[in-house]
Amino acid sequence: MFEAVARLKIRHGELEGFKRQAAEIMRLTKERDTKPLRYDWFLSDDGTECELRESYVDADALLEHQHHIREAKAKLFRDFADDHTMTLYGEPSPGLAELMEAMAGAVTFRRFSFFQGLDADVKAVEESRPEAVGASME
């Protein structure tokens, strides 16, 4: 799995336009992408910042996604947002590394390599919720 967090600032007075363009990017993602595991957009309470949480089957799936939304994303940053930073969790593929290099200056990238984690079974976590336990006891 390859994960990324994108952060950006919404220009003053452009929240509604930003939301429309974000909806267009989401539409394209749903129609064209085949490998996203997570693609969630979050707005700050004051509507001035946005954070995207993204997960893909691998780094090339993020690259594929970027190609699918290229024009819509360019409009988002041309008209509604700026100060784009991305934090990547994992090793980028050669193709993604090349794209990152081409975007340097327009996007600030940070990268973290996996160190350690909790290897938990999602089913076990769901079963520990009281409502799930109660349902399984019926």
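Just above, that's the structure.
Notes on the structure in this doc start here. In this text, all values refer to a predicted model and were calculated from it rather than measured experimentally.

1. Quick look at unusual backbone geometry
Leave glycine aside and you will find that most residues have negative phi; peptide bonds, for their part, are mostly trans. Within the chain, Asp-83 stands out as a residue other than glycine whose phi angle is a positive 55°. Mapped onto the fold, Asp-83 is located in strand β4 (residues 81–89).

2. Overview of the packing of helix α2 (residues 59–79) against helix α3 (residues 94–103)
Think of two packed helices as two axes; the pair is described by the angle between the axes and how far apart they sit. At a minimum axis distance of 8 Å, the contact between α2 and α3 shows a crossing angle of 40°. The angle between α2 and α3 falls in the class oblique. Residues Ala-59, Leu-62, Leu-63, Gln-66 and Lys-73 of α2 touch α3, and the partners they reach there are Gly-95, Leu-96, Leu-99 and Met-103. Classifying every residue of the contact of α2 with α3 by side-chain character gives six nonpolar, two polar and one charged.

3. Comments concerning the nonpolar core
Ranked by size, the top nonpolar core spans 28 residues in total, and within it Leu-8, Phe-18, Leu-62 and Leu-88 carry the most contacts. At the level of secondary structure, the elements contributing two or more residues to this core comprise β1 (2–10), α1 (15–32), β3 (49–56), α2, β4 and α3. The leading source of residues in this core is α2, at seven residues. Filtering out sequence-adjacent residues up to four positions away, Leu-8 remains in contact with Phe-18, Thr-48, Glu-49, Cys-50, Leu-52, Phe-77, Ala-81, Asp-82, Asp-83 and His-84.

Rules of the game
Residues numbered from 1 in each chain as written. Predicted model: local features only at pLDDT ≥ 70, side-chain atom pairs only at ≥ 80, totals over all residues. Heavy atoms only, no water. Helix = DSSP H or I, 4+ residues; strand = E, 2+ residues; numbered from the N terminus. Axes fitted to C-alpha atoms, helices over the stretch in contact; angles between N-to-C directions. Parallel < 35°, antiparallel > 145°, perpendicular 65-115°, else oblique. Contact = heavy atoms within 4.5 Å. Nonpolar A, V, L, I, M, F, W, Y, C, P; charged D, E, K, R; others polar. Core = buried A, V, L, I, M, F, W, Y, C linked by side-chain atoms within 4.5 Å. Buried < 20%, exposed > 50% of the residue type's maximum accessible area, 1.4 Å probe, protein only.

Geometry only, nothing functional implied.
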